[in-house]
Structure formats: C-alpha cells, structure tokens
Protein chains: 2
Amino acid sequence: PRIEPKPAAMLRRLLLRQARRRHCSSSFSSALPLSSPTFAVFGANTGVGKTLVSAGLAASLLRSHAASPSAVLYLKPLQTGFPADSDAGFLYRRVPALVRPSHAAHLVASIDTLSPAPSVETPSSSREEAAFSYDGEGKAVRKLLACRTLYAWREAVSPHLAAEREGMTVEDAHVRSLLAACLSEGENLGKGEGDVWKLVETAGGVASPGPSGTLQCDLYRHFRLPTILVGDGRLGGISGTLSAYETLLLRGYDVSAVILEDCGLSNDKFLLSYLRNRVPVLVLPPIPEDPSDDLTDWFSESSSVFGLLEDALRSFHLKRIQRLNSMQRKSKDLLWWPFTQHNLVPVDCVTVIDSRCGESFSAYKVKDNKMMMIPQFDACASWWTQGPDSKLQIELARDMGYAAARYGHVMFPENAHEPALRCAELLLGGIGKDWASRVYYSDNGSTAIEIALKMAFRKFSLDRGILLDSDKSITNERNIQLKVLALKGSYHGDTLGAMEAQAPSAYTSFLQQPWYSGRGLFLDPPTVFIRNGTCALSLPQSIQNCHLSPGDKCFPSLADVFCKSRDSSAAADLYSTYISQQLSEYSVSSNIEHIAALIIEPVIQGAGGMHMIDPLFQRVLVHECRDRKIPVIFDEVFTGFWRLGVESASELLGCLPDVACYAKLMTGGIVPLAATVTTEAVFEAFKSDSKLWDGTLVNQLSSLPNVKRVVSLGTLCAIELQAEGSDAGYASLYARSLIQ
Amino acid sequence: PRIEPKPAAMLRRLLLRQARRRHCSSSFSSALPLSSPTFAVFGANTGVGKTLVSAGLAASLLRSHAASPSAVLYLKPLQTGFPADSDAGFLYRRVPALVRPSHAAHLVASIDTLSPAPSVETPSSSREEAAFSYDGEGKAVRKLLACRTLYAWREAVSPHLAAEREGMTVEDAHVRSLLAACLSEGENLGKGEGDVWKLVETAGGVASPGPSGTLQCDLYRHFRLPTILVGDGRLGGISGTLSAYETLLLRGYDVSAVILEDCGLSNDKFLLSYLRNRVPVLVLPPIPEDPSDDLTDWFSESSSVFGLLEDALRSFHLKRIQRLNSMQRKSKDLLWWPFTQHNLVPVDCVTVIDSRCGESFSAYKVKDNKMMMIPQFDACASWWTQGPDSKLQIELARDMGYAAARYGHVMFPENAHEPALRCAELLLGGIGKDWASRVYYSDNGSTAIEIALKMAFRKFSLDRGILLDSDKSITNERNIQLKVLALKGSYHGDTLGAMEAQAPSAYTSFLQQPWYSGRGLFLDPPTVFIRNGTCALSLPQSIQNCHLSPGDKCFPSLADVFCKSRDSSAAADLYSTYISQQLSEYSVSSNIEHIAALIIEPVIQGAGGMHMIDPLFQRVLVHECRDRKIPVIFDEVFTGFWRLGVESASELLGCLPDVACYAKLMTGGIVPLAATVTTEAVFEAFKSDSKLWDGTLVNQLSSLPNVKRVVSLGTLCAIELQAEGSDAGYASLYARSLIQ
C-alpha cells in the first residue's frame, strides 16, 4: 500500500502543537528517530554541488533492488531564489529518470513547500506528485521519493538577507521544530516495506547564516546529524574543505564522508591522504560547465561513486547503531562510576549520552523497538555545574581548541602565560574584589580545599609563633595538634585532607576511608527553613534558645534573614556566647591543641543536604575567629560564581574570608580547574629566603662544569646548561642514580 | 644612509649556518624579533585579494610622514605560476606609484627571489632596484620597500603539486629557516631611521598545503605571527571567512583584523556583528573586474580603509607588547606558583610563555633592549609529561574542540558516553591488558592514588573479614589501624591521603602539612646505579648482604638487572627474608594493626630523586604481599605510557598489580585526567545490594505524589518526576531545608 506524505496543513498543525509543548523557546524537545539513516549535506562552499550529490545519492538508493530503503525523504530547510532555484524541484524532476533499476519497480515522487515567504510566487497547489514504472525482472518493488522545501524566499541571497528583505524572519526554534516534525513524520513513509533514508541539505557553506543570522552549523546542531561534506575541487578548495571540516568538528559533528568534484587539481588525493583513517574521501567526475548539458551522462558516469558513497554511509550508520547498542553493556562491564552502587544500576538503566546541546543531553534510547535520540534535561546542576547554553558551549569549545593549540601543556612555576594571568585578574577583580590578591591554581575542589588548609595552618602557626624555631624536633612538632573549626553537615571533597575537615557521617565511615578521624571541632549550626511563606530559624539542641523572642526566630522574608541589623539582636549574643564557650576549651590547652582554621560553606551546605545555615551565625563565627587570629576559609566550590544570585556568597554573609576555594563553574564544567584565592597576608606567611630543599645537592650540581643555574622545581631539580650565547633551556635531571 | 638588503647568496649562507645549528630537524630554533610589527596575511580562499591588501597596506605605511616605519619588508615565502604571477613583483611595480606622500620623500624599492625552482625562467639578475622621489614640503623622508620571494615554481597550482611536478621539494624546516633568516635580517632594513614593518603573505587559503604537503597554517605556526585574515565577500564568503578564522584559532593564531571586498552581499556587516568585540572587520570597495583596469582608482578609493587597517594593526601590536611587558610584574603580584619560594624568583627571571609549538615554548624576552620571541626547550618532562610534537598538538587541539563542542560538561554516574568508554577500552587493552577490567576516572595523580588506597583498603577488609558485621560501633572501627607498605623515597602526590602513604621527608614536614603522620611501614629499598658502564646494586644498611656474591650485585647490563632468572638468586632469598621479617610484626598483632596495601612506583622513584629500585626487590615484595592477601598498587603516574620504553613498567618488573594509577600523559598533558584501573576482584569488593544512604529519606521521597524514582547521587538525592508520557529528566532536590 502506498503511504501518502501528510499534507502541509497537517504538518503545520503538528508544528504548532510542538511549539506549545516547549517549555523554553530555545530548547528543542522532541525525539529524533534513529532507525532510518539520516544525513545532513553540508558544503565546503556554495556552488560545490550539494544538490547533485543529494540527487545522485537518492537515485542510487532508490535504484537498489532491496526493499530497503523503500523511500527517500529529501528535505531542504532553507531555500532562497525560489521558485526559480529549487533544490527539491531539481531532485523531483531529475531523480526519477536517474533511477532506472535493472528490476521492475514503481516510483512515486512528490514535492511540496511548507512555508514560502509572501514574496514568493507559487503555483496554486503547493504539492505535486508523479508516478513512474520501470520494466524489469521480478515482482515490481515500490519506492517513494518525497522532496520537501521547508522555508523559501524569492531572492537568491543568503537566508538572513532574504528574510530581512522579504519580511519573513523565522526563529531558530521554529526552523528546528518544523525540521524535527518532518524527520519524525518521515518515518511513516517507509512503513510496511522498508527503511526510509533522509537527507537534509543545508544552504551555502557550513557557516552560512540561517534566517535569524545563526550559522547553519549551529542552527542544526541540536540534531547532530552525521554529515556528508561536499568538498571543493577547485583551486583553494583543499583549504576550504579542511576549514569547513574543522568548523563541523568544532560543533561536535561527525563527518561520515567527504565527496568532491575532480577539477583536475587532485584535491581529492590530498584530502584522502590528510583525512586517512578518519573520513572516506570520494571524487566525482568533472561537472560539465555547459548549462545546456542535462547532466544525464555525468550522473551515469558518477553512479559508481554514488554507490560507494551509499556503502560508506550505510556502514557508518550501522557501526554507529551497533556502537550505541553496545554502550550500556560495555559501560556496565568496564566503567567504575563514582558515588554509585553498581548493583543498583540495571544495564538497561544506563543512560547513553550521545552529546549535549545547551541544557539538554541527547540520550540514546530504544523504546518499543524503536531507536531514538531523546533530549533529556541536564541534571548536571546536582553535580554543581550549571550547563552553559548552546551558544556559550560553542564559544567555550572554540576557546578550548585555541588554548590547546596555542599552549598544549606548559609549565607553571616561575612562568607566566596569558590565560593564567587573565583568569587571575578576573578572579581577583570579581570574587576576590576588596580582599584577595593571590590565586593558586589546582585541578578540583578537593585539591583547592587541601591547599586552603595548608595555607591557613601556616598562617596560624606563624601568627601564634608556633615552630618559629627551626631546631624543633619532629617529635615535638607532632605533639602539636591543629584542628579546624567546622559545621556539622558540611562537605568539602573526598580526598583525605578535605574529609578530615568534615564532621563524621556516613560518608566518612571506616568503609569509605579507614584513615578518616575527623580533625575538627564540629559545631551544630542553626539553620533557616521556609514554611508557609515564612522564614524560620531552627536552633540545634546545643544552643540554648530561651532568650530568643519570636521576632528573633521568624522572618517575613529571606531579606530579613540576611539583614545586618540582626548583628545587634539577642540571637547574635546567643551565637557569640556559644562559640566563645566552644573555643575557650582550646585557648586553655593552647600549647598542644589549637583551632587553626575555620572552614565553612557560606550560606548553603550543598552536598550535606542543601541546608541553609543562619547567615548571622556564620558571620558571628567569622568575627569570633578573626578576633582569635584563626584564618577563615570559605568553600565556594558550590556557592561561587552567581550560584546564589551574587558573585560570591560572602556578599550575602556580609563578611570576607582569608582564603576561598572555587572550581567547577570556572570553566563551565568543561575541564577540571580550581582556584584557591587568598590575601597577601596569607601569601606572606610562606615567604622565606630559602627553600626546603637538599641544599647540598644543589651546591654539588652548581659546581659541575657548564652548569649555569640550578633550580629546584618542587621535589625535582633542574639544571640550566651554559651554552655559547644561546638560551639552551633547562635539562631536567633524570636518573640521578644512574649517573652517580 | 641607505641600508642595502643583503644579497641572496649571503642569505643562503645564513640559512645553511642555521640549519647546521639545529639539533632536531623539526624544531625551529632562532629568535623572532618583536620590535617591528610583523603580520601574516592569510586568505579565506584563493583569489580574495591578499596581494591587493598587502600592497594597499604597504603603500599606506610608506605614505606616512613619520619616520616609522622607515621600511616595509614584504615576504612571499611560496609563489607558484612564477614569474608570470609574482606577488612580490606586483608590490614592487605598483606600490611606489601608490605612495605619493604629501611631504617630500625618497623611496628605494627592491625585489629579489631567493630560491626559484630549476623550471622557472628567470632573468639573469635575481635582484632589481628602483628609486623614487616625491615632491612636497619639509626635508625628504627616506623609505625602503623590499619585496622578496623565497621559493618559486613555474606552474600556477598549489605548491605541493608544483613541488612534485617540477622536482623542487622543500622541507618544512628549510622554509621556516629561510623565513626566519629573512625576518631577522629584515630588522636591519630600518636601522637608524625607524621601525620596519614586515608582511608575510601566504599562498591560497589558510589550510592550503605548502610544498611538503603540510598545511600553511601549520607550516608557519612556529612563528605564530599575528594574522590579517583577508575574508571573502562573495556568495558563501561568510562561511568561508568564519571557517578560515576557526582554522586559525585551532592553530593558536591571533587574528588581528579581518578585511574583505564588498561584493554587494553585506558579508562585512554580518561578520562585523558576529566577530564584535573580538576582531575588527574592515570592508574594501568592489574590485573592478575589468582586467585592463590598473586599479589606480580602486587603490585611491581604498586608501582610507587601509589607513584604518594600519591603525588597527598598530594598536594590536602596541597592546600586545604592552601586555607582554607587563606580564612578569603582574604574575609576580597576582599568582601563587606551586613548589616555589617566591622570594627566590626575581621579577626579571619570570619566563613569559607566549605559546608552545612541539617541544619548544615560545618565550618573550627583552635582551639588549630588543624584544624577542625565543624558542626554549620544553622542560615539561620534569613535570612528568613529555610534550607532544607539533603535529600531535594540532590533533589534540582539534579533538579537544570537538569533545568540548559535542559534550561540554555531562554527568558520569550511571551514564555512558563515547570518550569515557573508548578511553576505558584503550586503557584496559593497553596498560591493563591481562589483568585489569575496570576504570575509575578522576582529575589528577593525587586523586587517583587516594582512590586506589580506598579500593585496596576495602578489598583487604573484606578478604580479612574485618567489619563484615555492620553493627560494629564506630569506636571499634577506629581501633583498627590500616597501614600501607611503601618504600622510602616514594612520592604519590600532595593531598593528605597520598602524603600519608609516603615516608616522612622534608616534603611531609609539619610546615608542609601539620596533619601528616605517615601511615605506613616504610622500607629502605635496594637501588641500582650505573658506574663505568656497569650496573650495581646498592643495598641499604637494613638488609644484610654478607651472603651476596659479586655476581648477585654487579651486572654487565640493565637487561641482566631485569632478568627473571634472578628470582632464584641469593638476593631473592635475602629480600624475601627481610620482607617477611618486617611483615611478621603485623601478623602477630593482627587484630589492631594491619598492612592493608602495598604501594610502589614500579622501577623508578620519580620525584623522590629519580632512583631506580632493584626490580627484583619490587617483584619479591609484590609476591610476598600477594601471599598475604595484601592488595598491590602501582603508582604509574610517572612511569606509565611508554615513559620507560614499555607501555607499563609492570612489563619490566615482570609482575602485575591489583590497582594501578595513571594521569598526565593520558591527555598529552592538555587537560587534567587520571585513571585508577583495577581488577574485577577489587571492584566486586564494593558490590552490595544497598547503598550507604539515608534510606528513610529515600522512602519518604518515593511516597510523594508524582515521584517515579528516587536516586541517590553520591551525597545528593535526585527525584525523577512522573510526567505524562514524556521523559521528564531528573529534578535535583534543592534546598531540602526550605521545603520541609
């Protein structure tokens, strides 16, 4: 039975329904079917023969004797110069004549235009259909070719210009919705008899603007269709083809094949060699320049190349599906996820993330035996990064590529480079404004915390005159116990040092880390909660509350909770007394046990259960510590960078730390990076005129011939050789034992 | 006094001298002067007017009344179609007529060709010179225009084809050396009277191949000259220009200006808007298509645009120099380097790293008042990554950009995605072959070690039946002391857990980390050293050595040291006895103190001083531990991935670990990433049918209306909402306290 494409009016209704369902205008929210091979046709430039490739490929697919594909859906989302130029029209008119199978076949070809601009002169009917029969052996195979233009403008210019000049601007979300609807609806074309192949032909080059001005590679990125790149065979075409290829990679596309015309310059040979092991490269015979040539001979000459293209795409599609289908099982077998009890994750509950665009993951699912890519709202927020939107993602990707290409891996100590310096300037002018002057980089939140603790301990030891005498024995040192002051329920990471600064909990049990002991004085903090629109304090048992009036414990709004006037309230006195009492035990036994750092997550305890701590309590805590020269650490890994509506949570608290830790959002979550920022006073505590290093070795090395300078790089030693006049770099000292 | 350019013969000698000095054929080793503004002219395509831009800019520069620039050096490194096509010739013939200053001036223009292919028909003299005088007010200003072609081929095709067909292939290193020599020598052109501007015009598009087939953007990358991108004003030109721009960014180039012809399509307006705040975009009047037009009017119309281009480039150059000059001071003021005593780093010793290419940093230096970019050999090896070469750097950058664009930040637990899975497959098929089956990812070596320790401790506890009874109190748990067995001098990182597994040293002192206690049994290892070509054992005092023959202690080659036949030697017995004796103390008091993991750096202790440990000792150690069910951890952060000539150092040791840690080289050092790989038996020790989590809360949440599933994600809890038919993603549970 022949299946009719739905008429355009129905499609438009579908589109409207979809648009209503969308929560956010910029997100694309419907499933993309994967059973049918679907490819985007991008061009290295305009005029490189995208439509000829689409036509040749469609003819090759329809020519095959096999039932699959039973249909080819050709979509041209954006057409300018219409109707004189109509790529859908070209396929509709030309493909049936190119099909000519060796077997008996019926072909029904159709063409329609969904949304022409008002300026376009169209015939009364927007849909046309024609049937073809081919003689041959065997029972006739039924085939369908549906050619569809989505949006069309009259002028033969870039869609963004045509849209502006002809008054039909289209939002990106609409283009995507209509394309998604066409791709979904296209599934039905092949129902009963075999698969559908779908081709989406873009307009112009890969980065040509769409109607809104969004580059087409960005406009269609939500679908991340595997791509056929039609290369450029002309002079300069190698460059254009490779640049276009890189633009697609920089959007996260997979290029399944490169195909280009032979213009006598052997561009294909070069590209074949350059892209070897990455992308198949195919070459088409020279395209006749004579406009009267109807290209019949050319298509006939090219048919074997289109056959190879079909094979390459078929193989790409199959491998992709096989890989996607194997990923749940393989990941269950090979990966060890963090924070996961693997027994509780059945293999079919593993989410296969194919890609990400904006706030959504694109996840591979099989439902009712149908394979699909489904946009899933990104829950990364629970992992402490808020996803950058799709535009920012592209900028970040470009910047990542640039930085990787410019620097690769460079050393940091005693060196300066632009990204480290620029980032430091931004941090100190932002979250560090008015207090911080130094940035120490590391890889993640845990590490940033370990660094902060070391900084605070050194500062405290210096201020309290501990260990100024360098002759003190190690035994004496170890009698001194430094502890942190921290709040119960806080979380600072899972390396041992970060764990030790947390109160005992299920996450610090013997089974998690037998070395954990909890090196802190852990206070029960008062928390704030909202019930029936009112904010209320919840005081722990350890804090007496008989003196607090209802006005001290209930607040009409969160703003009142943060109000600085609470500093003179009874609650402030209560907190101050409680904290002083807790700390007094340490000032008595001060030669052995010290509280050497305060560490808190300002305002919100994240991983510990999303508890809001009374900001007044944290403010009083900071002041009490500062009075006792106890350095204050803010762990802003969770709260930093506008997470709470302010750049730093210290703005909400109304007080500043001595050391603060940042991570995650700093890179938009794209690479691990953390910063421990601090005051000059803390930095000064580490300054000295010598370094803890084996001075004997340095002296020995310095006296060797040709050695200009010996530098101790951390726990290694590097020597700079004296070379005649030039800058011979550092030669690191390997295998010291081997050259004794 | 007029300064003559050196004749070509001298230059060739210079080049040869340089080539002799090069240690490695792929590295470029001379200094690039920075005092003179130097720009590369790249094209979005061929035929977009690069030479017109070079000519217009040169004329604009020479027209100015100021002494600076006193000279313009125009270099065309690769010219095909020569001598009919000669871009240097175009400038030599046309620029003098375009200069016409309003003041009196003398101009000497010269042209030469350094290395024409044998097939090129050249006039007998390769150098020509012409002098021009301009009337006007004031004392005449002297100016110089030197136009130089480096390599020239006869056929008008891409250099890689011309080179092949005409039999003059040129290695990349030679092109770079000759170009470097010309750029250095060009400094002298302006001596005495003012600066020189230098323009290097590339051939074809940004990614057009050079003579060896290396893309030009890669060929010239060592210089990383700021770039003028000549865009494409034609249909499709927006795409071509932006793709070319991205290709340059993906090589780490800075684009200082985009300039393109107005072809009536407003490409410039779109590009101006798209590149806003990043690159200035300038538009030139339409170029007359009539070949008989000598372009005099066009140049005259364009002169104000070239004036703007000159201003933009001048400003770019000045800002760049200012920034480079400020970086030493700023980094001293803002950065806190790791492993550095800041007092020992004078401000003028800070190395300003502008970029990296292959094994060399490009460092900014001021010597004898001259600003320069100097290639410096990369000492990153001492920071445990070996630099990828320049080709790999480009591939890594492209892959980084692709991954960032495809995924951005995605969640990992309970999810699978291609890079994590592919990397796991590679690791398990490589360093994990024959033993490992699981990969746990983290950010850095320290973290990988902390994870390895937790794995080993859990495995040990399970095997020894410790804490199987879940009712055991925390007090009892803490009475059990788990220790590591490790070797003195080992280094595993600077987070507390990693430090605790190291023997006490200067790096673990109270001043470094007051919490360090050293939770291990630390053995003195026997080491191997080479003296006079012979390998010898050095035994520590703690190991009796009276029974060892000289044959047990001296070896003709390293291969003998690694020979498995040593397993039956007296040394093996000695080691076994020593280790058993050390461990025996722990089996006696087995209910309190346990040796719960062995952790070693196989073969070489890196940071601890590059000591080679006797592999026999480590092998015996591994066997003794395995006999006692003590899990074995190899820290391969330093030794992994062919660092010692084998993929994993366990190949050299001849025994396998239960857990191994990898980092650094895994990403070529470009982003932090680490892996802890392990056996299925260790993984199984973590399997359970429940998760350590507040079950009550999960149950409470599960019973709420519309909640489909509750998942505990680490220390957070996420709920999946039941939405009609669609996949509503996870909504993480925020502000639990606020919704009580």
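Up top you'll find the structure we're talking about.
This text gives an overview of the structure that appears in the document.

Basis of the calculations
Residues numbered from 1 in each chain as written. Chains lettered and ligands numbered in written order. Predicted model: local features only at pLDDT ≥ 70, side-chain atom pairs only at ≥ 80, totals over all residues. Heavy atoms only, no water. Helix = DSSP H or I, 4+ residues; strand = E, 2+ residues; numbered from the N terminus. Buried < 20%, exposed > 50% of the residue type's maximum accessible area, 1.4 Å probe, protein only. Contact = heavy atoms within 4.5 Å. Areas by Shrake-Rupley, 256 points an atom, 1.4 Å probe, with all protein chains shown as cover. Salt bridge = Lys/Arg side-chain N within 4 Å of Asp/Glu carboxyl O. Pairing = 2+ DSSP bridges. Axes fitted to C-alpha atoms, helices over the stretch in contact; angles between N-to-C directions. Left-handed = near helix turned anticlockwise from the far one by under 90°. Nonpolar A, V, L, I, M, F, W, Y, C, P; charged D, E, K, R; others polar. Least-squares fit on C-alpha atoms with pLDDT ≥ 70 in both. Core = buried A, V, L, I, M, F, W, Y, C linked by side-chain atoms within 4.5 Å. Parallel < 35°, antiparallel > 145°, perpendicular 65-115°, else oblique. Buried area = accessible area lost by both parts, 1.4 Å probe. Polar contact = N/O pair within 3.5 Å; in protein donor to acceptor, adjacent residues only side chain to side chain. Patch = residues over 30% accessible without salt bridge, like charges linked within 9 Å, V, L, I, M, F, W, Y side chains within 5 Å. Lys, Arg positive; Asp, Glu negative; His and termini not counted. Charge placed at Lys NZ, Arg CZ, Asp CG, Glu CD. Right-handed = clockwise from strand over helix to strand, strands pointing away. Phe/Tyr/Trp six-rings, centres within 6.5 Å; stacked < 30°, edge-to-face > 60°.

### Points about the overall build of chain A
- Within chain A, the secondary structure is distributed over 21 helices and 29 strands.
- Residues counted as buried form 62% of the 740 residues belonging to chain A.
- Counting only contacts in chain A whose residues sit at least 6 apart along the sequence, the fraction spanning at least 24 positions is 69%.
- Accessible surface for chain A amounts to roughly 28200 Å². Of this, 53% is attributable to carbon and sulfur atoms.

### Looking at the pattern of salt bridges
- This structure, assessed with the given rule, holds 62 salt bridges over all chains.
- With a closest N to O distance of 3.1 Å, B:Glu425 and B:Arg422 form a salt bridge. Remark: B:Arg422 and B:Glu425 occur in helix H11 (residues 418–429); sequence separation between them is three residues, near one turn of the helix.
- Among the ionic contacts, a cluster of salt bridges with common partners joins A:Arg224, A:Asp254, A:Arg320, A:Asp354 and B:Arg406.

### Quick notes on the sheet that holds strand E25 (residues 659–662) of chain A
Residues and elements named next belong to chain A.
- In spatial order, the strands read E15-E26-E25-E24-E21-E16-E17; together these seven strands make up an open sheet with mixed pairing. Across the chains shown, the open sheet's two edge strands, defined by having one partner strand only, are strand E15 (438–442) and strand E17 (520–523). Here the average twist between neighbouring strands, direction ignored, is 25°.
- Here E25 runs beside strand E26 (residues 674–678); their pairing, made up of four bridges, is antiparallel. Directly across from Ala660, in E26, lies its bridge partner Val677.
- Seen against the sheet, helix H11 (residues 418–429) touches E15 and E26 and runs at an angle of roughly 125° to E15.

### Digging into the packing of helix H7 (residues 237–249) of chain B against helix H8 (residues 267–274) of chain B
All names here are of chain B.
- At a minimum axis distance of 10 Å, the contact between H7 and H8 shows a crossing angle of 35°. Where H7 crosses over H8, the two elements pack in a sense that is right-handed. Contacts between H7 and H8 involve Gly237, Ile238, Thr241 and Leu242 on the former and, on the latter, Asn267, Phe270, Leu271 and Tyr274.
- Looking at side-chain class alone, the contact of H7 with H8 contains five nonpolar, three polar and no charged residues.

### Some points on the relation of the copies chain A and chain B
- The two copies are related by a screw motion: chain A maps onto chain B through a turn of 180° and a shift of 0.0 Å along the axis, at an RMSD of 0.1 Å. Accordingly, the operation relating the two chain copies is best matched by a two-fold axis. The position closest to the rotation axis in chain A is occupied by the C-alpha of A:Gly401, lying 2.2 Å away.
- Comparing contact sets, 99% of the residues at the interface of chain A also lie at the interface in chain B, consistent with an isologous, same-surface contact.

### Digging into the nonpolar core
- By size, the foremost hydrophobic cluster in this structure holds 337 residues, and its most contacted members are A:Tyr575, A:Phe617, A:Val677, B:Phe617 and B:Val677.
- A:Val677 has contacts with A:Leu427, A:Ile431, A:Trp435, A:Ala436, A:Arg438, A:Val439, A:Asp658, A:Val659, A:Ala660 and A:Tyr662, leaving out every residue within four places of it along the chain.

### A look at the environment of B:Ser239
- Tracing the chain through its elements places B:Ser239 in helix H7.
- Taking relative accessible area as the criterion, B:Ser239 reaches 1% and is therefore assigned buried.

### A word on the environment of A:Gly240
- Along the chain, the position of A:Gly240 falls in helix H7 (residues 237–249).
- Placed 35 residues apart in sequence, A:Gly240 and A:Gly205 show a C-alpha to C-alpha distance of 9.6 Å.

### Quick notes on the pairing of strand E18 (residues 527–531) of chain B
Residues and elements named next belong to chain B.
- Of the strand pairs in this sheet, E18 and strand E19 (residues 534–538) are connected by five bridges, and their pairing is antiparallel. Bridge pairing links Phe529 to Ala536 in E19.
- If you look at the hairpin formed by E18 and E19, you'll find two residues sitting between the two strands, and Asn532 has a positive phi there, around 55°.
- One ladder, built from two bridges, connects E18 with strand E23 (residues 611–613); its direction is antiparallel. Its bridge partner being in E23, Val528 is matched across the sheet by Met612.

### Some points on unusual backbone geometry
Residues and elements named next belong to chain A.
- A cis amide bond links Phe82 to the next residue, Pro83, at an omega of 5°.
- Not every positive phi belongs to a glycine, and Asn369 is a case in point at roughly 65°.
- Note that Asn369 resides in the loop between strand E12 (360–367) and strand E13 (370–377).
- Judged by its relative accessible area of 77%, Asn369 falls in the exposed class.
- With a phi angle near 70°, Val603 is a residue other than glycine that sits in the positive phi range.
- By the secondary structure assignment, Val603 is in the loop between strand E21 (593–600) and strand E22 (604–605).

### A short note on the packing of helix H2 (residues 50–63) of chain A against helix H9 (residues 296–334) of chain A
Residue and element names in this part refer to chain A.
- For the pair H2 and H9, the least separation of the axes is 8 Å and the interaxial angle reads 75°. Of the possible angle classes, the one that applies to H2 and H9 is roughly perpendicular. Facing Leu52, Val53, Ala55, Gly56, Leu57, Ser60, Leu61 and Arg63 of H2, the residues of H9 in contact are Trp298, Phe299, Ser303, Phe306, Gly307, Leu309, Glu310, Leu313 and Arg314.
- Classifying every residue of the contact of H2 with H9 by side-chain character gives ten nonpolar, four polar and three charged.

### Observations concerning the interface of chain A and chain B
- If you look at the interface, chain A gives 190 residues, while chain B gives 189 residues.
- Broken down residue by residue, the surface that chain A buries against chain B is led by A:Trp336, A:Phe510 and A:Trp515, which jointly contribute 6%.
- Put simply, chain A and chain B have 14 salt bridges between them.
- Linking A:Glu246 and B:Arg398 is a salt bridge whose minimum nitrogen-to-oxygen distance equals 2.7 Å.
- Inspection of the region where chain A meets chain B yields 72 residue pairs in polar contact (both at pLDDT 80 or more).
- Grouping the constituent residues of the side of chain A that touches chain B by class yields 96 nonpolar, 54 polar and 40 charged.
- When strand E14 (residues 415–416) of chain A meets strand E11 (residues 351–357) of chain B, the two strands line up parallel, connected through two bridges. Its bridge partner being in E11(B), A:Ala416 is matched across the sheet by B:Val352.

### Some words on a negative patch on the surface
Residue and element names in this part refer to chain A.
- Among the surface-exposed residues, Asp290, Asp293, Asp294, Asp297 and Glu301 lie close enough to one another that they form a single negatively charged patch.
- Considering the arrangement of structural elements, one finds Asp294 in the loop between strand E10 (281–284) and H9.
- With relative accessibility at 45%, the residue Asp294 sits in the partly exposed group.

### Remarks on the side chain of A:Thr679
All names here are of chain A.
- Its location among the elements puts Thr679 in the loop between E26 and helix H20 (680–684).
- Of the residues examined, Thr679 reaches a relative accessible area of 13% and is grouped as buried.
- Apart from the residues lying within four places of it in its own chain, the contact partners of Thr679 are Trp435, Ala436, Ser437, Pro657 and Asp658.

### A word on the side chain of B:Thr214
Residues and elements named next belong to chain B.
- Inspection of the secondary structure puts Thr214 in the loop between strand E7 (196–201) and helix H6 (216–219).
- Side chain to side chain, Thr214 and Asp172 meet in a polar contact 2.5 Å long.
- A polar contact is formed between the side chain of Thr214 and the side chain of Ser212, at a distance of 3.0 Å.
- If sequence neighbours within four positions are ignored, Thr214 has contacts with Asp172, Ser208, Pro209 and Leu219.

### Topic: the pairing of strand E9 (residues 255–261) of chain A
Residue and element names in this part refer to chain A.
- Burial of E9 is extensive: seven of the seven residues sit out of reach of the surface.
- In this structure, strand E8 (residues 227–230) lies alongside E9, joined through four bridges in parallel fashion. Residue Val230 lies in a different strand from E9, and its bridge partner there is Ile259.
- Between the parallel elements E8 and E9, the chain passes through H7 in a crossover that is right-handed.

### Some points on the packing of aromatic side chains
- Considering all chains together, one arrives at 30 aromatic pairs over all chains under this definition.
- When the centroid spacing of 5.9 Å and the interplanar angle of 70° are considered together, the rings of A:Tyr440 and B:Trp336 count as edge-to-face. Here A:Tyr440, found in strand E15, pairs with B:Trp336, found in the loop between helix H9 (296–334) and E11, and the two come from separate chains. Each member of the pair, A:Tyr440 as well as B:Trp336, carries the same accessibility label: buried.

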